[in-house]
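In case you want the letters, here they are:
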Amino acid sequence: MGYLDKEFTDSNIIVTNLDALLNWARLSSLWQVGFGLACCAIEMMATSASHYDFDRFGVIPRPSPRQSDIIIISGTVTLKMASRVKRLYEQIPDPKYVISMGSCANCGGPYWDHGYHVLKGVDRVIPVDVYIPGCPPRPEALLEGLLKLQEKIRNESRVG
Amino acid sequence: MADTEFIKSVTDRFTLLLGEEKASQIVITESPFETFLTVPAELISVVMTELYDNPALGFDSLVLLTGNDEDDAVKTKNDDGSETLTGGNLSVVYHLESLPNRKKIIIKTIVPKANPEVPSVTPLWVSADWQEREAYDMYGIIFTGHPNLIRILMPYDWEFGFPLRKDYQNPEFYQGIKVPY
Amino acid sequence: MIKEFVSEEMVINMGPQHPSTHGVLRLEVKLDGEIVKEVIPHIGYLHRCFEKHTEALTYPQIVPYVDRMDYLAAMYNEFGFALAVERMAGIEVPPRVEYMRVILGELQRIASHLVAVGTYGLDVGAFTPFLFCFRDREKILSLFELVSGARLLYNYIWPGGLSKEIHPDFVRLTKEFLVYFKPKLTELNRLLTGNKIFIDRTANLGVLDIEKAINYGVTGPNLRASGYKWDLRRDDPYSIYDKFDFEIPVGDGAMGTTGDCWDRYYIRVREMEESIKIIEQAIDNIPDGDVKSAIPKRIKVPAGQLYTRVENPRGELGYFIISKGANNPFRVKVRPPSFIHLMLLDELCRGNLVADIVAILGSIDIVLGEVDR
């Protein structure tokens, strides 16, 4: 990061710009909606559990979308579920981010052709920041996707 | 499955119960792997009740209820090249099992697509409840006497037909969302 | 006393986004105060049209879709499907394949039960068992990764054999895992099974008697927890399960009534012990040979219909295949154990408290991918 090692020794004062500070705060505590859809949700759970430990990136599952910053669409979104996913997304307070995890959420995955009840890509209902390929993606891939999202947040400018 | 003798004894029982004329409608069908009984839809209630209630048979478990499209509709070509389907049948297959007697039996009933009505077996086996709803959802088979015959897997407001029928066409849009890839 | 104060009925909606519903399940709960009057499950939020796909794909192409039904027991789903196709097409499988299938199937049973037990702890408020169980499950997943190359959905057991030769380290690492895992079960028992709070929370709750269980079509661990000894590995043997010596644990109401939530939990712990026994007997006796020898180039199944069933970690998993003699099946109907078990929820929850819904739902161990297919 480079913020803390500057001028920290004497006076507890960090000189930085507001954008960088806000972005740093946001990307370091991305709370996710505790929301699993399909097979990918199991890999998401495995990522949260002991071996891969999502916590170290500041990702903690929250039961309510109103307390969350990101939503990980972990699995197949069906037509019946699409309106519910949209509603969940709308409940998250701004700034909010979406990770589309797995082929199903990206484009319909293996169900793209004959899946009469499968939504062919979650980006048909909500905007997506990071797409993670794989069926299902490995936990490492999910971690990589999260790092990409953090990189995206780091380069944002909100204060102008 | 070499249970032909057992199935024969079951049909003999129905001959006693229903009389020669009605019981002749219950046909033993031999397919390469499984032998099953084909029962007309109007006899399903009485046949199932006997299979469930009679302690000598004691079929206390409905393992599986399958809806099926027989795909035997007659295709006729229209002048503009499109095809219309007329007739055709749906079927329901019941896999029953008797846990105490260690016996299995398969019952099949065929109903026309125009009037796909089969009596519900939910009063006998509760496990038929959702399975019948699924068969209705996927094939449009109407189970008369079912307590709550509504769609189960598809959305309740799905009005584009029954998806597992062979002539099903997927809609272009559902609630403003594009459906095909 | 409570009956005298009947208040106005209230309808509460639980899900489809809810951390304890094990997926996208919506429960419409009708309440009288804290007492549950009725629970109406609404399913189909994960309906991925499996049965439509089978009609358009050839038999080997269906295998990956079979994985995605019960994604916690993908190996066993493949096992069942391969068995169904082999029985119809008349394919003989080499003994090496049979042994490997049993070993992988039982490892999968342990992995699946670990998730069931871990998340059940999470449901009733115990966080640590979840972390412990997932730690051990990772070890099994890495064994699967070793043989198949995938962690969760394997596409490994094909009709006629296995898709790849077994990794040379597999036998050694599996033995190491067994040595590692056995004490962990004792640890789990000390941590959760005998825990006073856990027992108070689950014993005498959601009692299911045998007659009701059979009428509801309940199978697998849930039926055995009610005290009925019924296991397809014994009662309708398939593959080479008749060669192994193992017990079929049944519920005995050790902490309360037979068939309560605690019994359903503990039966899974004991089944893990039995699975270890089976693997121990099989792992040293894997015959030599080629795992791919019996895989045909193109599978043609003669016309006819057959129902094949196996003992999935959740219960009786059946494939009813109707063939018209083509490369692809005419119809594949799956008997999903979770779908049948979910019907129980209303019956078990009635008259209990709101907080018990999650405890009961966790104890019947459903997977939504299989409920909706």
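Residues numbered from 1 in each chain as written. Chains lettered and ligands numbered in written order. Predicted model: local features only at pLDDT ≥ 70, side-chain atom pairs only at ≥ 80, totals over all residues. Heavy atoms only, no water.

Asks: Would you mind going over the pairing of strand 5 (residues 83–86) of chain B with me for this structure?
Replies: All names here are of chain B. Pairing geometry for strand 4 (residues 74–77) and strand 5, over four bridges, is antiparallel. Each residue of the ladder has a partner; that of T76, found in strand 5, is T84. Where strand 4 folds back onto strand 5 in an antiparallel hairpin, the turn is made up of five residues, including G81, whose phi is positive at roughly 95 degrees. (Pairing = 2+ DSSP bridges. Helix = DSSP H or I, 4+ residues; strand = E, 2+ residues; numbered from the N terminus.)

Asks: Help me out: how do you make sense of the confidence of the model for chain C in this one?
Replies: Any segment with low pLDDT has predicted coordinates that should not be analysed in fine detail. On average, residues of chain C score 88 in pLDDT, and 98% of them are at 70 or above. If you check the scores for this complex, the pTM reads 0.89 and the ipTM reads 0.88. (pLDDT = per-residue confidence, 0-100.)

Asks: Can you walk me through the pattern of salt bridges in this structure?
Replies: Close approach of charged atoms allows side chains of opposite charge to pair. Evaluated as defined, the whole model comprises 44 salt bridges over all chains. One salt-bridge network, held together by shared partners, links E106(C), R109(C), R224(C), D231(C), R233(C), E271(C) and E311(C). (Salt bridge = Lys/Arg side-chain N within 4 Å of Asp/Glu carboxyl O.)

Asks: Help me understand the side chain of R133(B), please; the structure alone is not making it clear to me.
Replies: Residues and elements named next belong to chain B. Locating R133 in the fold gives a position in helix 4 (residues 128–139). Although R133 lies buried, it forms no salt bridge, and the closest oppositely charged side chain, D129, sits 5.0 Å away as judged by the N-O distance. Here I150 takes part through its backbone oxygen, which lies 3.3 Å from a polar atom of the side chain of R133. (Buried < 20%, exposed > 50% of the residue type's maximum accessible area, 1.4 Å probe, protein only. Lys, Arg positive; Asp, Glu negative; His and termini not counted. Polar contact = N/O pair within 3.5 Å; in protein donor to acceptor, adjacent residues only side chain to side chain.)

Asks: I'm lost on unusual backbone geometry in this one. Help?
Replies: The bulk of non-glycine residues show a negative phi, and the bulk of peptide bonds are trans. The omega torsion across D94(A) and P95(A) is -10 degrees, close enough to zero to call that bond cis. Along the polypeptide, P95(A) turns up in the loop between helix 3 (79–91) and strand 4 (97–101). Positive phi, normally seen in glycine, also occurs at D71(B), with a value near 55 degrees. With respect to the helices and strands, D71(B) occurs in the loop between strand 3 (61–69) and strand 4. The exposure class of D71(B) is partly exposed, given its relative accessible area of 45%. Its identity is not glycine, yet D365(C) carries a phi of approximately 55 degrees, on the positive side. On the secondary structure map, D365(C) appears in the loop between helix 14 (354–364) and helix 15 (368–372). A relative accessible area of 3% places D365(C) in the buried class.

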